[in-house]
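# Structural features, examined
As a plain string of letters, each chain reads:
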Amino acid sequence: MQIFTWDVAYAVGDAEIDEQHRRLFDLANELLRADTKSAVTAAAIQLYQYVRVHFKHEEDLMRRIGFPGYRQHVEMHARLLDELNALSTDIADGQWRTEDLRSFMNDWLLVHIAEQDVRIAAFVGNSTERAGAH
Ligand SMILES: [Fe+2]
């Protein structure tokens, strides 16, 4: 069962970020599909590692382009990693609930991408236009 489906509506307009977001959708679906503790643990570790790779990519990009919302965006990433850590602790304790995982993914995948990551891509677009105008 595919619980999260990437759609062009989630495209932020940067090819590499979009590709990484698609991969995160896949990893989120694997986590939600996992039905044993060891499968959930393995999927959560994979997701966590890829989230870190992805956040680093976004943060490097924001620094490179001088994105004005850099500090706030990095703080949001730190909070999301904290939440993911808390979920990992629940998993380790055998306390996870699929509903908690699903709502975290929903908040992160959908809301963060649609409301925050899109701003980075919009700023990249603006700086490209400015550079082109010179
Ligand atoms: Fe982000």
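What you are looking at is a predicted structure, and each value in this text was computed from that prediction instead of being measured. (Residues numbered from 1 in each chain as written. Predicted model: local features only at pLDDT ≥ 70, side-chain atom pairs only at ≥ 80, totals over all residues. Heavy atoms only, no water.)

### Some points on the pattern of salt bridges
Rules: For salt bridges, the criterion is a side-chain nitrogen of Lys or Arg within 4 Å of an Asp or Glu carboxyl oxygen. Each helix is a run of H or I in the DSSP string that is no shorter than four residues. Each strand is a run of E no shorter than two, and both are numbered from the N terminus. Relative accessibility under 20% of the residue-type maximum defines a buried residue, over 50% an exposed one, and the middle range a partly exposed one, all with a 1.4 Å probe and only protein chains included.
For the structure shown, the criterion picks out four salt bridges. For the salt bridge of Lys 56 with Asp 60, the shortest nitrogen-to-oxygen distance reads 2.8 Å. A residue pair is termed a helical-turn pair when its members lie 3 or 4 positions apart in one helix, as Lys 56 and Asp 60 do in helix H2 (residues 37–65) at four residues. The class of Asp 60 is partly exposed, set by a relative accessible area of 25%. Residue Arg 63 pairs with Asp 60 through a salt bridge whose shortest N-O separation is 2.5 Å. Of the two residues, Arg 63 and Asp 60 both sit in helix H2, three residues apart, roughly one turn of that helix. Taking relative accessible area as the criterion, Arg 63 reaches 48% and is therefore assigned partly exposed.

### A few points about H2
The test is simple: What a helix should span is 1.5 Å times the count of its residues minus one.
Helix length check: H2 (29 residues) gives 42 Å between terminal C-alpha atoms against 42 Å at 1.5 Å per residue, within 8%. Gly 66 sits one or two positions beyond H2 and adopts a positive phi of about 65°.

### As for the nonpolar core
Heads up, the rule is: Working definition of a nonpolar core: buried Ala, Val, Leu, Ile, Met, Phe, Trp, Tyr and Cys residues. They are joined through side-chain atoms within 4.5 Å. Whether two residues are in contact is decided by their heavy atoms: any pair within 4.5 Å suffices.
One finds Leu 31, Leu 47, Val 51, Met 105, Trp 108 and Leu 109 to be the most contacted residues of the largest nonpolar core, which totals 36 residues. Of all the secondary-structure elements, those providing two or more residues to this core are helix H1 (15–33), H2, helix H3 (70–92) and helix H4 (98–133). Looking at this core, the element that brings in the most residues is H4, giving ten residues. Here Val 51 is in contact with Leu 24, Leu 81, Leu 84 and Trp 108, once residues within four sequence places are set aside.

### Section: the packing of H1 against H2
Keep this limit in mind: Convention adopted: a line fitted to C-alpha atoms gives each axis, helices being fitted over their contacting stretch, and angles between N-to-C directions are expressed from 0 to 180 degrees. Roughly parallel means an angle under 35 degrees; roughly antiparallel, over 145; roughly perpendicular, 65 to 115; everything else is oblique. What makes a crossing left-handed is the near helix being turned counterclockwise from the far one by less than a right angle; a clockwise turn instead makes it right-handed. Polar here means any residue other than Ala, Val, Leu, Ile, Met, Phe, Trp, Tyr, Cys and Pro, which are nonpolar, and Asp, Glu, Lys and Arg, which are charged; Gly is therefore polar.
One way to put it is that H1 packs onto H2 with a least axis distance of 9 Å and a crossing angle of 165°. With respect to their mutual orientation, H1 and H2 come out roughly antiparallel. Like other packed secondary-structure pairs, H1 and H2 cross with a definite hand, here left-handed. Here Glu 16, Ile 17, Gln 20, His 21, Arg 23, Leu 24, Leu 27, Ala 28, Glu 30 and Leu 31 of H1 lie close against H2, whose contacting residues are Val 40, Ala 43, Ala 44, Gln 46, Leu 47, Tyr 50, Val 51, His 54, His 57, Glu 58 and Leu 61. Grouping the constituent residues of the contact of H1 with H2 by class yields twelve nonpolar, five polar and four charged.

### A few points about the side chain of Glu 58
Here is the rule: Charged-residue counts in this description rest on Lys and Arg as positive and Asp and Glu as negative, His and the chain ends being excluded. Residues adjacent in sequence count toward polar contacts only when both atoms are side-chain atoms; beyond that, a polar contact is any pair of N or O atoms within 3.5 Å, and within protein one must be able to donate a hydrogen and the other to accept it.
Mapping Glu 58 onto the fold places it in helix H2. We note that Glu 58 is buried and unpaired, the nearest opposite charge coming from Arg 63 at a distance of 11 Å. In this structure the side chain of Glu 58 is engaged in a polar contact, spanning 2.9 Å, whose partner is the side chain of His 54. A polar contact is formed between the side chain of Glu 58 and the side chain of His 77, at a distance of 3.0 Å. In contact with Glu 58, other than residues within four places in its own chain, are Ile 17, His 21, His 73, His 77, His 112, Asp 117 and Ile 120.

### Topic: the confidence of the model for the protein chain
Using the following cut-off: pLDDT is defined as a per-residue confidence score from the predictor, taking values between 0 and 100.
Across the protein chain, the average pLDDT comes to 88, with 93% of residues at 70 or higher. Considering each helix and strand of the protein chain separately, the mean pLDDT is smallest for H4, with a value of 80, and largest for H2, with 94.

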